[in-house]
Structure formats: C-alpha cells, structure tokens
Amino acid sequence: MQVKNTFVRIVHAHQFVLKLVWRIDKRRILLDLLERLCNVYEFLVYGALFTQILLTLAAKNMDYDQMLMIIWLGLLPRVVTRLYLLYYTNTAGPVSDVRFQEGMNKLLYEKACQVDLTCFEDSEFYNQYMMAVREAKTRVPKMLHDICNMAVSFAAALLGFYLIWRMDRYALLFIIMPILGNFVFNGMLSGRIFQLEQETIVFTRIAEYVNRTIHLADYAKEIRLSNVFSLLGSKYDSSVKSAQKVVKKLAPMNMLLFFCFQYFTFTLLFNGSFLYAGYQALVTGTIAFAELAVFQNFMCCNTWNFLFSAEAAVENIKNSFFIEQIEGFLKYKPKIPEDTDGLLPQLPIRTVTFSHVSFCYQKGRAVLKDVCLELKEGDHTALVGFNGSGKSTLIKLLLRLYDPDEGVILVNGTDIRKYNLRAYRSLFSAAFQDGRIFADTVEENILMGIHRTPEQDAETVWRALALAGMDEEVRSWEHQEQTVLTREFAKEGLVLSGGQSQKLLAARAFARDCPIAVFDEPSSALDPIAEYRLFQNILQYSGKRMLLFISHRLSSVQNADTVLFLENGRIAERGSHRELMQQGGKYASLYLKQAKNYQA
Ligand code: ADP
C-alpha cells in the first residue's frame, strides 16, 4: 500500500513539474529533449554503432578511399550535434535558466504575498516555505532534465540491449548490477538524503537567521553596543552542532549504501563485463577478437545510457520529495485569500461593530475575549491600555489581516468576511507603529504604488507631508520628494531617524482618502511638540471620517470622543476622557500618573 502511495506521489510530482515547465517556459522541454538526443547520438550511434560499422567494413577489406568517405560522412552529424550541445550549454540553457528563475520567483512571490499572516508564525509551514523558496528555482528544471534524461537514455539503452543480445545474450546479465546498485542502494540513499535535509532544516534556518542579522544594517547598532553577538554566536554554534549530530547519525548507513551503490553500479559491471568479454574472445573464442572492442564499446556506452536513465529515475524520486514541498507551498489555500470576491462596501461607512469577538494567535492563549463595541461615522475613538492588552490585534482583525475565532465584525451591518477583500481594505488609511520604509523615494513610500496624474501625485505627497509635519524638512533635501530612502542602492540616499520614519508612515496614511483612519501608536518616537502637532493633524485629517487610534500618551487621547481602555483582551472601561476621569478607574489612575511625571 505504502509502495503504491509512494509511486502515485512520484508520478504526481512528475506531472506537476511538466505542467509547471509548460506554464513557465515550454521551449525548455524541446531544448532538453534535443540535448539528450544529441548526447545519445554521440554516445551510442557515433561511439558504438559507427565503430562497429567501420570495423565490419575493415574486416571486409573495404577500399581505403571509400572508408575515408564514410568516416567523413559519419563526422558531419557529429559536428551538428556538437554545435547544438555548445549552443545548449552556453546560450539556450542559461537563458532558459534565467527565464525559469524569473517565472518561479514570480509564482513564489505571488504566493508569499497571499499566505495568511499566521503562516509566518507557524514554524512547520515556514520550514516548508523556506525549503520551497530554496529549491524551487533549481529543482524544477533539474527534474525536467532528469525526466528527459530518463526517457531518452532508457530508449537508447533498450536499443543497446538488443544489439548486445544479438552478440552475446549472457552478457545482459551484467545489466542486473546497475539495476541493483541504482534502484536499491541509490534509491535508499536518496530517501535518506531527503531525511537529512528535513531533519537539519530547523538548524539551517537558525544559522541563516544569525547570518542574516549579522549582515543587516537594522541590527548593526545593537550588535556593536551589546554582547548579543556572543549570544548569536552560541546560537549559531549550537545549531551547527545539532546539524552535525544529524549528519553523524545518518552517516554510517549512508556510507554503506553509497559503497554498495558504487560497487554494484560501476566496479562489478565494468570489470566483470570486461573479464567476461575477454574470456569469450580469448578462451572460448565465441566472439572474434575484433568484436571484443565493439562489444566493450557497446557494454560501456549502453551501461552508461542505462545508468543515466536509472540515475535520472532515482534522482527523480529524490526530486519528487522536494517537489512535493514546493507544490504544497504553491497550492496552499489561504484562510483569507487576497482575491476574495464579494460585496462592495457601500459608502458612507456608518457603523463598525465588534460583536462578541474573541481571538487567539496560539491555541489556548486568548488575546481578545468577547469584545463588543460599536464605532459610528465621524467617531474619533482612542484605544488605550497596557502593553500586550490586545490593542494592535483588535486593529489587525478590523483590517482582516486575521479573522476572529469567535464572534463577528460588521461594517454597515454586514459581516466583513462577505466583502470583496481588496475593496474592503481600501476603506482604511492606516499607519502602524512597526510599519516599514521601502528602499525607494519619499514619494513612492507615501503613494505606495497608487498613482494618478503627476500633478495630483505631487499635490497628495506634499499635503500628506505637511500634515505629518515633515514638508519643510523634505523641501530642504537636495532631491526633495525624490530622495531615495536607503543608502544601499543610492550613494546620495538618506537613512531616516526613528522620528522621521514615523512621520513618513503617518504621511502614508494621510495620503489616502479613505472613510476610516487607523493609527497604531503613530507618535511613540516623536518629540512632544511634534507629537502634539501630529495628533492635531490626525484629528483635522479625520474630520468626518471614522478614526481609531492607539496611543500610550494619554494627553493625546483627551480629544477623542470615546476612549476604550483594554485590559487582558477585554474592554475594561469605556467613555469620554471626562467620564473616565470622573469614574476614577484604571484609566484615570494611569492618566494621573503620566500627568504627575510630566509635572515632575
Ligand atoms: P498591544 O497592542 O496592546 O500592545 P498586541 O495586540 O500587539 O498588544 O498583542 C497582544 C498579545 O498577543 C500579546 O501577548 C502578544 O505577545 C501577542 N501577540 C501579538 N502578535 C502575535 C503574533 N503574531 N503571534 C503570537 N502572539 C502575538
């Protein structure tokens, strides 16, 4: 049963690869087939058959000039195959490789942009994802090459067997050796190599993480100012040691299998067949001495053909395991598909309702518990609470980056899962505390790919920069809004400070004309005056829009219509600033503490 399942899986992987190649670069199938055919021609037809013809003609005392003519004629197709092989190796192959990398990368990028955010937190999925990314670009063309190799070499081997059988049928017994060597020992070895990859990927990923942090500018400060390098170093050491342990565990058996593979496939076959043919020629005299060379030629070239095809088959068993991972990743069905179609939200947005919403990232650890709230058009609502109380999570659920485990979120009375996802997300202009600046210009970092006319774009960018309190600063830069925000690719590029980055992230939100504005701690890195101005501008920008913002500085919360105080995933207090102060609860005590610190 298991063998049957494995067989079905392997066949399926072959189909998957052929479909993928057909989709990315059909020409490649023809190129690879021709390459194999040329090789077989050189090996079997030219190397063995042609030699046999020449020796036979020589034995018949053919005229020297005629022989020379035949040799020249035989050389002609060989020149053509050589030229094609040169073209394949130096032009067609590399060009197709690049096309392949591009095609595979596009598929992987598309998928990576679609998988659920939870996938990035699921280590098993992430392992599969990383293996797919690492293997996809090379493994798919390799499998295609091996499929062509298997098919063409096998056909050539059959022809060769027939020719050997005609000379000496017992010589065919030697063919059993590479069958045993390849399919049994090399097959087992392939399975163990895949096991090795699987067992070491966790450690490889840790080592890659360390490698990445050491080389990234983001971590350079901390590494220089702390002892974290030794911590990373010990992580690296222990992951390498763990990987070595796995290698050591699997090594003895792998060595034995490798020895058997080589011994049966090569040593027994070549030496055995040579001794056999020699014995037949010199002792029994059943084959002529001149035929010995031909026989040996056939044996060699045919064995190689057979080996190529068997090796390709075994390689494809190994490839299939990797292809399964790639297919698993490419066929992953996200719980929240980015192309979710559905209703188009109708403007204006009058209400946003959380009805008994609960959510956890990890089973058993609820982050939001039975949250109920309603936001109305034009409402300005502040979310406050201690770190980890669930504020950002609430916003992520509202943006449908995750779906609630229980309860429902309604916009204008409709479950948000019923809306077309793109149209739904376009209701929000959002700024996150951990938002990223991309390696592009100020303008692109604000517009984020949403362009209209150049005049309108310029107007939007400068208005957004003004609201974020950054316009004067950007005007003073040599390239103004065209300044590139990295030094990685542009010498004249600029690296923003924490506060400047935060202003730019706010400008990104201001540039969008959406009915709901969401700001998740937009001011934590700003100085008090910049912070005060930013909140004034957030309120001004929000105007009649629905606004939901998170802030730890409670002074900036006072002007909100409603304050929601979250504690351990529940809304513990709600009301206006004045009402909550009068209640004298946790919000009031937190506010008074902050105020006291400022006065002090
Ligand atoms: P707040 O914004 O109030 O500081 P968050 O909503 O960011 O809090 O986080 C609430 C809780 O959820 C925290 O305990 C945090 O550790 C956890 N959490 C946040 N993001 C994730 C995640 N991606 N995976 C697992 N746990 C998370």
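Preceding this paragraph is the structure being described.
So, here is what we can say about the structure in this document. Bear in mind the structure is a predicted one, so any value in this text is a computation, not a measurement. (Residues numbered from 1 in each chain as written. Predicted model: local features only at pLDDT ≥ 70, side-chain atom pairs only at ≥ 80, totals over all residues. Heavy atoms only, no water.)

**Thoughts on the overall build of the protein chain**
When helices and strands are tallied, the protein chain shows 17 helices and ten strands. Over its C-alpha atoms the protein chain spans a radius of gyration of 35 Å, topping by over 25% the 25 Å that the globule rule assigns to 600 residues. Oriented by its inertia axes, the alpha-carbon framework of the protein chain measures out at about 115 × 50 × 50 Å. The buried share among the 600 residues of the protein chain stands at 46%. A separation threshold of at least 6 residues defines the contact pool for the protein chain, and within that pool the share at least 24 residues apart is 74%. Element-wise, carbon and sulfur atoms account for 59% of the exposed surface of the protein chain, whose accessible area totals about 32200 Å². (Helix = DSSP H or I, 4+ residues; strand = E, 2+ residues; numbered from the N terminus. Rg over C-alpha atoms; globule rule 2.2 N^0.38 Å. Buried < 20%, exposed > 50% of the residue type's maximum accessible area, 1.4 Å probe, protein only. Contact = heavy atoms within 4.5 Å. Areas by Shrake-Rupley, 256 points an atom, 1.4 Å probe, with all protein chains shown as cover.)

**Regarding unusual backbone geometry**
The amide bond that connects leucine 347 to the next residue, proline 348, takes the cis arrangement and shows omega of -5°. Position of proline 348 among the secondary structure elements: in the loop between helix H8 (289-330) and strand S1 (351-362). A positive phi is found at arginine 400, a non-glycine position, where the angle reads about 60°. Tracing the sequence through the fold places arginine 400 in the loop between helix H9 (391-398) and strand S4 (406-411). By relative accessible area, which is 5% here, arginine 400 ends up buried.

**Details of the packing of helix H2 (residues 27-59) against helix H4 (residues 123-167)**
Two elements in contact, H2 and H4, have axes separated by 9 Å at closest approach and are oriented at 25°. As summarised for this structure, H2 and H4 are arranged roughly parallel, according to the angle between their axes. The crossing of H2 and H4 is right-handed. Where H2 approaches H4, its residues Arg28, Ile29, Asp32, Leu33, Glu35, Arg36, Leu37, Val40, Leu44, Leu49 and Gln52 are matched on the opposing element by Pro141, Leu144, His145, Cys148, Asn149, Val152, Ser153, Ala156, Leu159, Gly160, Leu163 and Met167. Each residue belonging to the contact of H2 with H4 can be placed in one class, and the counts come to 14 nonpolar, five polar and four charged. (Axes fitted to C-alpha atoms, helices over the stretch in contact; angles between N-to-C directions. Parallel < 35°, antiparallel > 145°, perpendicular 65-115°, else oblique. Left-handed = near helix turned anticlockwise from the far one by under 90°. Nonpolar A, V, L, I, M, F, W, Y, C, P; charged D, E, K, R; others polar.)

**Re the site of the ligand**
The immediate surroundings of the ligand are formed by Glu121, Tyr361, Val367, Phe386, Asn387, Gly388, Ser389, Gly390, Lys391, Ser392, Thr393 and Tyr402. For the ligand, an oxygen atom lies 3.1 Å from a polar atom in the backbone of serine 389. Threonine 393 places a polar side-chain atom, nitrogen or oxygen, 2.4 Å from an oxygen atom of the ligand. Computed on the free molecule, the ligand has an accessible area of 560 Å², of which 66% lies beneath the protein chains in the complex. Of the residues contributing to the shell around the ligand, the split by class is four nonpolar, six polar and two charged. (Near = heavy atom within 4 Å. Polar contact = N/O pair within 3.5 Å; in protein donor to acceptor, adjacent residues only side chain to side chain.)

**Digging into H9**
Of all eight residues making up H9, six are buried, and the element is well covered by its neighbours. Just beyond H9, the residue with positive phi is arginine 400, at close to 60°.

**Description of a nonpolar patch on the surface**
On the surface, a nonpolar cluster with roughly 570 Å² of combined accessible area is contributed by Ile179, Leu180, Phe183, Val184, Met188, Met253 and Leu256. Elements represented by at least two residues in the nonpolar patch include exactly helix H5 (176-215) and helix H7 (228-284). If one sorts the elements of the nonpolar patch by residue count, H5 sits on top with five residues. Here methionine 188 shows up in helix H5. (Patch = residues over 30% accessible without salt bridge, like charges linked within 9 Å, V, L, I, M, F, W, Y side chains within 5 Å. Salt bridge = Lys/Arg side-chain N within 4 Å of Asp/Glu carboxyl O.)

**Let's talk about the sheet that holds strand S6 (residues 428-431)**
Spatially, S6-S7-S8-S3-S9-S10 is the arrangement adopted by the six strands of the open sheet, whose pairing is mixed. Bordering the open sheet on either side are S6 and strand S10 (570-575), each of which pairs with just one other strand. Strand-to-strand twist across the sheet, computed as the mean angle between neighbouring axes with direction ignored, equals 15°. The sheet contact formed by strand S9 (residues 562-567) and S10 spans five bridges and is antiparallel. (Pairing = 2+ DSSP bridges.)

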